[in-house]
Every structure is written in structure tokens, then in C-alpha cells.
Amino acid sequence: MSDSTMVRTRFAPSPTGFMHIGNLRTGLYSYLYARKHNGTFVLRIEDTDRERFVEGATEMIYSTLAKAKIDYDEGPEKDGGYGPYIQSERKELYKKYAEELVAMGKAYYCFCDKERLESLKDENGVRTYDKHCRYLSKEEIDAKLKSGAPYVIRFKVPDNVVSSYTDLVFGEISVATEDLEDIILLKSDGMPTYNFANVVDDHSMNITHILRGVEYLSTTPLYNLIYDAFGWQRPTYIHLSPIMKDAQRKLSKRYGDANFEDFVKRGFLPEAIVNYIALLGWCPKDNTEKMTMEEMIEKFDIDGISKSPSIFDETKMRWLNGEYFKEMPFEQYYEMAKPYIAKAELKGNYDTKEIAFLMQTRTEILDDIPEKIAFLDNFGDYDLEWYNHKKMKVDLEVAKKCIEAWLQEIPNTAWDEESIKASMGIAAEKAELKAGQVMFTVRLAMTGTQITPGGAVEMAIILGKEESVRRLNVSLEMINKAL
RNA sequence: GGCUCUGUGGUCAAGCGGUUAAGACACCGCCCUUUCACGGCGGUCACCCGGGUUCGAAUCCCGGCAGAGUCACCA
């Protein structure tokens, strides 16, 4: 692409709460596209809706982008000559442009009130504006304006034209203008509608490629008509299918659990979240799944963007997150895991570092840690059914023998991997059991947990000899009672 | 309801007129580990339906069906 240096994309979130991941993905793709083409990525805050404005939400946008490592070249506090980048600070622009359009005869004042508009509803409750004010005489308009009657400015959609454009993902989209309404550009309070503000901003910020949700796919012809009316160059569009909660419902803020910040709090790594959502609706040519931001930039291409909606799968994101932990240097994992180990509020005097060491390859999300190490403190009632292991040929009887055998041979001096392992082997041999049977049984008897962060030897070491023996006796008693 | 879009295993997805229809998650099994996990290997599971076009269709066309989006002085 010869004009690749000219690429300018933008991300334009509204400060209305937490950043949900569908939204973040749109920002990510805009970012990737800009970086891929050595373009400029701009952040614009669309805060014209005072009703939905949420305190602190703007800061949330900044912090989310920072954690996600999506850095913008232009934006609030980062002027690139196209500012201001906060929509509420650009008010004058819109009015000026709307009036310009009226002067050109491509927009008009409309004085219709709510009641009249309401009366236009059809049997389905769908309302279409009948263009009533489009045909007001000059005298009527002047008189109304002079009388101070409230008005809006509406766009004059050309009659009987088919407006088409080529979306880079969806291909050619055509809509007949008779299906388009004379939309409002400027509201009666002088503020622009979202649609109009968007067109004006994107044009005046010289945005060349617009990446946004598919919900705009069929209204884009209308946007284009506005560009045309001004004689502005139309941007290139890249519409993105939504991320769904299930086949029917879109992932939205209302479900609350789909926002970036919550995932981070639960122990998902920002880079894993970003990596995962990049894969929802996009697939690189070589099918790579685990990618760094740099790799994503390098591999990003419009061709790999899918047209159909994708359902968010937390299970897969958990898996990916776990992959990130596995390849992380231990010290880094240790620092991250510490607070979560502390969360378990273990009363025993355990080696935190040792716990972290055992947990690293067994962690999908940090939030799972407390639960997985809870057995260190909580030991007692567990299901004796767990001793029945068909393949290992263990049942309650065998379990009893295993525990008793090891108790006989338990190391008296050293309490380390070598001696513990050896003692288990000897115990098995003497009792004519398999070492695997002893280890399996003893691990269960010491932890009361089916899946533990380590084998029998590790569990014995971390619990300490005294506690290990105590628990073995408790388990033995439980088994004896059941037999 | 009008208009626009979408439709490959449970999920993410590759596929771009000729493939035994990839791969990943999940699930199941085996191996490794004398025990948990990790890891390795293997398995079950898919082209929405019906018509065309073509020697040949998951791929192109038409129709149905299903789902989504949109039709605000919200963004």
C-alpha cells in the first residue's frame, strides 16, 4: 500500500462504566490495524451523553488501555494537532457544520414536536419521519425561527438513490435512500447527535479507516451521504461482528462479568485477555493462537476477520492464561501469586515460596489458588469413596494397609524428598504392595483432596512430618470406622 | 413489519470449485509420572435445509429456515 503511512484509525469509547471486552476488542483491532500499517492510532472520548456519564469512567478507559498495552499516538493530553480529543470540548464545531449544510440546502430546520412525531407511528409501532418540515416555505421557516420556536436540524436524504460502499470485511453494502430517514444532526439543545458528531469528528481528525461494531453496518450509507453532502472524502469501513454471551445475547455491560477490570481482579493476565479476545473474530494466516502484541501486529490482516458473531468462552481464556503462567519466570509468578496465597489465610507455618513453586504449573487463574491450597489448613471430612481407584487396584482395605505400612517405615531422621520417597518404596515392598498404591493412598490420606498441587512426596514435605502423621492417623480412623 | 447482515463439531475457527473437511479449548481413552499436575499420543463430534450452475460445491447462484443488527432530539 503506497499510502500506508497515511493510515489513521481511532478508538472512540464512551465513559459510561467499565470497559467491556467487546469494546476493548474493537479498540485492539483499530490499534493493530494502525500499527500494522505504520499509521496513527487516536483515542477520542465520546462524552456527550451526560445522562449515562459515570464518574471515573474516563480514567478507567486510560488505565485499561495502559494495562492492555494499547498505546495511542494522539488523544487527550497527547495532542497531535487534531484536538481537542474529548467530544464535549468540540461543541462549536458541530453547530457550525450543521448550519453550513442548511446553507447548502442539504439540511433543514425542523420544528415538529414530540406529539407530531409520535403520531407518525405505523401498526408495528415503527415511526418514520414524513419529511414534513423539508417542504416548509422560506417565510414559514423565518417566522418560526424569529418566534424562537425550538428546532432541530435534519439531514436531507437524497430521493431515490441507492447508497453503496464496500466494507473491508462484509463487502458491498447497498441501501436505498427510501429506507433511510432524514436524521437529526443537531438536537434542539444545540448538541449534535452521535451520528453527526461522529462524522464531523472522524472527518476533522482525518480518520482514514473506521473500525467499529456491525451495528453500524446498515446505517453507514447514511453517514456516507453526509460525507458526500460536504464533499468530504469517505473513509474506509471495517465492521466487526459482536462477541456474544450465547447464541442469542450479546456480551454487554449489563452482565457485569464481561469487563476487563473484573477479569484482571480474578487473576487473568492482561496480555492473556488481549490475546484471547484478539482470537474472537480474527484468525492469523498461520493459525497461531498464543501471540505477543508484536506478533499480533505483524500477523494482523483484515482477511482473517470473520463475519459471524463469536461466543465468548471463558474456559478457553482460562487455558490460555494458564499457558502464560507456565512460561513465566518463577520470580514473576511468585510475586503475582503471593497475595492470592495470602488470601487463603493459612494458619500453619508454610513456605510461601514452596507453595508458589508447586502451584505455577497448576494455575489457570490466580483466583483459584486459595481454593487449591485450602487443604493445608482444612482437613477432615472427605469422601472415602475417593480411595476406590480401579486402575490402581486400591479400595478401602488396601488403603488401610498402605497407610499402616508407611506409618511403620516413616523416616525418623531426615524429612526430605529422598528419604520420604525411599521409605514409601520400602513400605510398599514389605507389605507386598505397589509403590504407586502407597503414594496414591497416602497422598489422599494426608490431604483429603483428590487433586493436589503435587504428589505424595511434595505433600508430605510441605505439611511437615508431624502434621503428616497426625492426618494419616485421622484418615486411618475414618477408614477403620467405615470397614 | 421494512431494510442490512450471518449460518463448518459443544465453543473458537481453517477452508476462497477437486482436501481422508486442518488446528485449538472442552470431553473421553492410553502413555509418562512407582502417586497429583504438567507433558506426549490417540479418539468421539461439523459443512442449516431445498433447488440449481458445474465433470465436480462447505466453497458460486436462487429460495426457504434460523439467528443477529437497525429503523430515537442514546451512544
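Residues numbered from 1 in each chain as written. Chains lettered and ligands numbered in written order. Predicted model: local features only at pLDDT ≥ 70, side-chain atom pairs only at ≥ 80, totals over all residues. Heavy atoms only, no water.

Now for the domain arrangement of chain A. Considered domain by domain, chain A is made up of domain 1 (91–163 + 176–186), domain 2 (328–376) and domain 3 (384–482). For domain 1 and domain 2, the distance between their C-alpha centres works out to 63 Å. (Domains from an automatic or database assignment.)

A separate point is the nonpolar core. In terms of nonpolar packing, the biggest core is built from 152 residues, with F155, Y387 and W406 touching the most fellow members. Take this core: its biggest share by element is 8 residues, from helix α1 (residues 21–36). Apart from residues no more than four positions distant in its own chain, F155 is found in contact with L101, K106, A107, Y108, D182, I183, L185, L222, L225, I226 and A229. (Core = buried A, V, L, I, M, F, W, Y, C linked by side-chain atoms within 4.5 Å. Buried < 20%, exposed > 50% of the residue type's maximum accessible area, 1.4 Å probe, protein only. Helix = DSSP H or I, 4+ residues; strand = E, 2+ residues; numbered from the N terminus. Contact = heavy atoms within 4.5 Å.)

Now for the sheet that holds strand β7 (residues 184–186). Judged by pairing direction, the sheet is antiparallel, and its 3 strands sit side by side in the order β3-β4-β7 without closing on themselves. Only two strands of the sheet have a single neighbouring strand rather than two, namely β3 (107–110) and β7. The mean angle between the axes of side-by-side strands here comes to 40 degrees, regardless of whether they run parallel or antiparallel. Where β3 and strand β4 (residues 152–155) come together, 4 bridges link them in antiparallel fashion. Looking at the pairing, Y108 lines up with R154 of β4. Of the strands in this sheet, β3, β4 and β7 are in contact with helix α3 (residues 91–103), which crosses β3 at around 105 degrees. (Pairing = 2+ DSSP bridges. Axes fitted to C-alpha atoms, helices over the stretch in contact; angles between N-to-C directions.)

In this structure, F330 sits in helix α12 (residues 330–343). Residue class for F330 comes out partly exposed when judged on its relative accessible area of 21%. Placed 143 residues apart in sequence, F330 and N473 show a C-alpha to C-alpha distance of 35 Å.

A separate point is the packing of aromatic side chains. Going through the model one piece at a time under the given rule, you end up with 21 aromatic pairs. Taken together, a centroid distance of 5.8 Å and an interplanar angle of 70 degrees make the contact between F330 and F357 edge-to-face. Placement of F330 in helix α12 and of F357 in helix α13 (residues 352–359) is noted, with a sequence separation of 27 residues between them. Taken together through their ring pairs, the aromatic side chains of Y97, Y227, F230 and W232 make up a single cluster. For the cation-ring pair, K96 lies above Y97, with the distance from its terminal atom to the ring centre recorded as 4.5 Å. Over the aromatic face of Y129 sits the side chain of R154, whose NZ or CZ is 3.7 Å from the ring centroid. (Phe/Tyr/Trp six-rings, centres within 6.5 Å; stacked < 30°, edge-to-face > 60°. Lys NZ or Arg CZ within 6 Å of the ring centre and 35° of its normal.)

With that settled, consider the environment of R10. Within the secondary structure, R10 sits in strand β1 (residues 8–11). Put simply, R10 and P221 are 211 residues apart on the chain and 20 Å apart in space, counted from C-alpha to C-alpha. When sequence neighbours within four positions are dropped, the list of residues in contact with R10 reads S30, F41, V42, R44, N198, D202, I207, H209, I210, L211 and R212. At 3.0 Å, the side chain of R10 forms a polar contact with the side chain of N198. A polar atom in the side chain of R10 sits 2.8 Å from the side chain of D202. (Polar contact = N/O pair within 3.5 Å; in protein donor to acceptor, adjacent residues only side chain to side chain.)

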